[in-house]
Amino acid sequence: QVQLVESGGGSVQTGDSLRLSCAASGRHFSSYAMGWFRQVPEKEREFVAKINWSGGSTQYAEFVKGRFTIARDNAKNTVYLQMNSLEPEDTAVYYCGAVIDYSGSYITPEVYDYWGQGTQVTVSS
């Protein structure tokens, strides 16, 4: 069992930065691939970024490449999402998810076993 708690969201202006954190409790955090997704009302949860168990492999959605960076600290059981050059279109609730890492794709939400409660990011122009 893994429990995830996101933090770091907020209201910012276009071009600003935020760093989201996702703290995990439970055992064997380093066995999990971690992903960040986002969701706006009446739309499906959307892949943003994912990182493998060691941090050695990452993948990003096309719309965040060059602006967002995912990282993890297994000693702290935490995964991060550094978001730079934020745009109003980035406004959403951001969720982190965890799935046992069998070297899969992990870019769709249905494969994830655990989710946090989400953190709101609002970007105004």
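In this report, the structure presented in the accompanying data block is examined. On a predicted model such as this, the values are computed, not experimentally measured, just so you know.

Some details on the pattern of salt bridges
Part 1 of the argument: A full pass over the atoms with the stated rule returns four salt bridges.
Part 2 of the argument: When the shortest N-O distance is used, the salt bridge between K65 and E62 registers 3.4 Å.
Part 3 of the argument: Under the relative-accessibility criterion, K65 is labelled partly exposed at 48%.
Part 4 of the argument: Under the relative-accessibility criterion, E62 is labelled exposed at 61%.

Some details on the packing of aromatic side chains
Part 1 of the argument: Applying the stated criterion across every chain yields a total of five aromatic pairs.
Part 2 of the argument: Between Y32 and Y114, the aromatic rings sit 6.2 Å apart at their centres with planes inclined by 70°, giving edge-to-face as the arrangement. On the criterion of sequence distance, the pair formed by Y32 in strand β4 (residues 32-39) and Y114 in strand β10 (residues 114-115) is long-range, its members being 82 residues apart. There is no split in this pair, since Y32 and Y114 are both buried.
Part 3 of the argument: Seen from their ring centres, F37 and F47 are 5.7 Å apart, and the 70° between their planes marks the pair as edge-to-face. With F37 in strand β4 and F47 in strand β5 (residues 46-51), this residue pair connects regions lying 10 residues apart in the sequence.

Cut-offs used in this document
Residues numbered from 1 in each chain as written. Predicted model: local features only at pLDDT ≥ 70, side-chain atom pairs only at ≥ 80, totals over all residues. Heavy atoms only, no water. Salt bridge = Lys/Arg side-chain N within 4 Å of Asp/Glu carboxyl O. Buried < 20%, exposed > 50% of the residue type's maximum accessible area, 1.4 Å probe, protein only. Phe/Tyr/Trp six-rings, centres within 6.5 Å; stacked < 30°, edge-to-face > 60°. Helix = DSSP H or I, 4+ residues; strand = E, 2+ residues; numbered from the N terminus.

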